[in-house]
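# An overview of the molecular structure
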Amino acid sequence: MNQFKRYAKNPILTVHDLPEEAGYYILNPGAVKYNGEYLLLVDVFHREGGIVLWLARSRNGVDFTFDPEPVKWPAPDGSDGGWVENGAYDPRITRIGDDFIILYGSHNNRLGTRIGIVKTRDFIHFEHVATASEINNRNGALFPDLFDGRYCRLERPFGGGEQSPCDMWMSFSRDLVYWGEGRPFMDARPGHWDGLKLGAGAPPIRIAEGYLEIYHGVSCSCDGSIYALFACIVDAKEPWRILARSKAPLLFPEMPYEKDGRVANVVFTCNAILEEDDTVRIYYGAADSCIGFAEMPLARIIAACREEYRYMPNCSR
Ligand code: BMA
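Read on for a plain summary of the structure. (Residues numbered from 1 in each chain as written. Predicted model: local features only at pLDDT ≥ 70, side-chain atom pairs only at ≥ 80, totals over all residues. Heavy atoms only, no water.)

## Brief notes about the pairing of strand E4 (residues 51–58)
Put simply, the rule is: Type-normalised accessible area, obtained with a 1.4 Å probe on protein chains alone, sets the label of each residue: buried when under 20%, exposed when over 50%, and partly exposed for intermediate values. Every helix listed is a DSSP run of H or I at least four residues long, and every strand listed is a run of E at least two residues long, numbered separately from the N terminus. Note on pairing: DSSP must find at least two bridges between two strands before they are called paired.
Extensive coverage of E4 is indicated by the burial of six of its eight residues. Of the strand pairs in this sheet, strand E3 (residues 37–46) and E4 are connected by eight bridges, and their pairing is antiparallel. Each residue of the ladder has a partner; that of tyrosine 38, found in E4, is serine 58. Linking E3 to E4, which pair antiparallel, is a turn of four residues; within it glycine 49 sits at a positive phi near 95°. Alignment of E4 against strand E5 (residues 65–66), held across two bridges, turns out to be antiparallel. The residue bridging alanine 56 from the neighbouring strand is phenylalanine 66, located in E5. Once E4 ends, the chain turns through six residues before running back antiparallel as E5, passing glycine 61 with a positive phi of about 85°.

Written as structure tokens, this is what we have:
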């Protein structure tokens, strides 16, 4: 079966690993390898209310330790009369040159979410770049390369609300601040596990065939949504061209820690790391409560993207 393999000791991080039991839930980290360490930038639902971002570090990629304090995040505070950010979540980290550029959900308690952009070079100092979308857009994920001098991101404008259909879009920018040329990128597939809505997971990874994108797809159950993970490959020069897309989920909420928590039936990733041995590892949020680790050889992800439908002959997309 072409699926991600979970680490046997999952979950690898829970709220009990936080200093002083500082939060009630942890989820959906950004992840990078930096200076010989794996870094997770973790969403923490803090005891004092609100969401903060907190770094956890590991040398071996499975045993993580949280820093003593959350990161000093440059949240817009409205002092210029503009946007007030009450919380930051779902950080997706893309390295371009020496910069780590983080696209994240910039949340305002009254108004909702926009895509925020912050950059860092050392994971100590974080610099605000822009709050770079209208309200009701999130799941921003930046490609690691420019296309004709333009940055390119995946994004997910909302439909009418949490339970309404949404597709994944794409837009471009010359400076990370002003974004335009927005276009639909990938449709939800009604009747499938990504049939209601979908959005970027990890920032796209450069591979020989183009770019690999691991994304989340949502379907409806009678008492809520189910979040599963899928993959697609897009063209290296024209990233809006989808070359192949997995049919069945590569990770589906099946384990107790994925089925039961703050939001039931969720596996959700904001990262994918391609290792030197061509294994792809993900650190994923489970049930919006804790963090799991899973891996899969790149060749098998590509094979999954190219698999034909076997039992659903009328589904061409
Ligand atoms: C998405 C995001 C994620 C969350 C998921 C499941 O829309 O808000 O942060 O993990 O819903 O609740």
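After that view, the rundown keeps rolling.
## Description of helix H2 (residues 298–306)
For the record, the criterion: Throughout, the arc means the angular range of directions from the helix axis out to the C-beta atoms.
Turning to H2, its buried residues are Leu298, Ile301, Ile302, Ala304 and Cys305. An end-on view of H2 places all buried positions within 155° of arc, on one side of the element. Set apart from the buried face of H2 by more than 90 degrees, the exposed residues are Ala299 and Arg306.

## Observations concerning the packing of aromatic side chains
Put simply, the rule is: Aromatic rings from Phe, Tyr and Trp, taking only the six-membered ring of Trp, are treated as a pair when their centres fall within 6.5 Å; an angle between ring planes under 30 degrees marks them as stacked, one over 60 as edge-to-face, and anything in between as tilted. For a ring to carry a charge above it, either NZ of a lysine or CZ of an arginine must fall within 6 Å of the ring centroid while also lying within 35 degrees of the normal to the ring plane.
Summed over the entire model, instances satisfying the criterion amount to 19 aromatic pairs. Their ring planes at 85° and their centres at 6.0 Å tell us that tyrosine 25 and phenylalanine 45 sit as a pair that is edge-to-face. With tyrosine 25 in strand E2 (residues 23–34) and phenylalanine 45 in strand E3, the pair connects residues that are 20 residues apart, well separated along the chain. Plain terms: the ring middles of tyrosine 227 and phenylalanine 268 are 6.0 Å apart, the flat faces sit at 55° to each other, and that makes the pair tilted. With tyrosine 227 in strand E17 (residues 224–234) and phenylalanine 268 in strand E19 (residues 267–269), this pair connects stretches of sequence that are 41 residues apart. When sorted by exposure, tyrosine 227 lands in the same class as phenylalanine 268, which is buried. Above the ring of tyrosine 211, the side-chain terminus of arginine 206 is found at 5.2 Å from the ring centroid.

## Some details on the side chain of lysine 247
Keep this limit in mind: In this charge count, Lys and Arg are treated as positive and Asp and Glu as negative; neither His nor the chain ends contribute. Any Lys or Arg side-chain nitrogen found within 4 Å of a carboxyl oxygen on Asp or Glu counts as a salt bridge. Any pair of nitrogen or oxygen atoms within 3.5 Å is treated as a polar contact; in protein, a donor-acceptor pairing is required on top of that, and neighbouring residues in sequence qualify only through side-chain atoms on both sides.
Here lysine 247 is to be found in the loop between strand E18 (242–245) and helix H1 (256–259). For the buried lysine 247, which has no salt bridge, the nearest side chain bearing the opposite charge is glutamate 308, at an N-O separation of 5.2 Å. For lysine 247, the side chain forms a polar contact with the main-chain oxygen of arginine 245, separated by 3.2 Å. Only 3.1 Å separates the side chain of lysine 247 from the backbone oxygen of glutamate 307, close enough to count as a polar contact.

Structural measurements only, silent on function.
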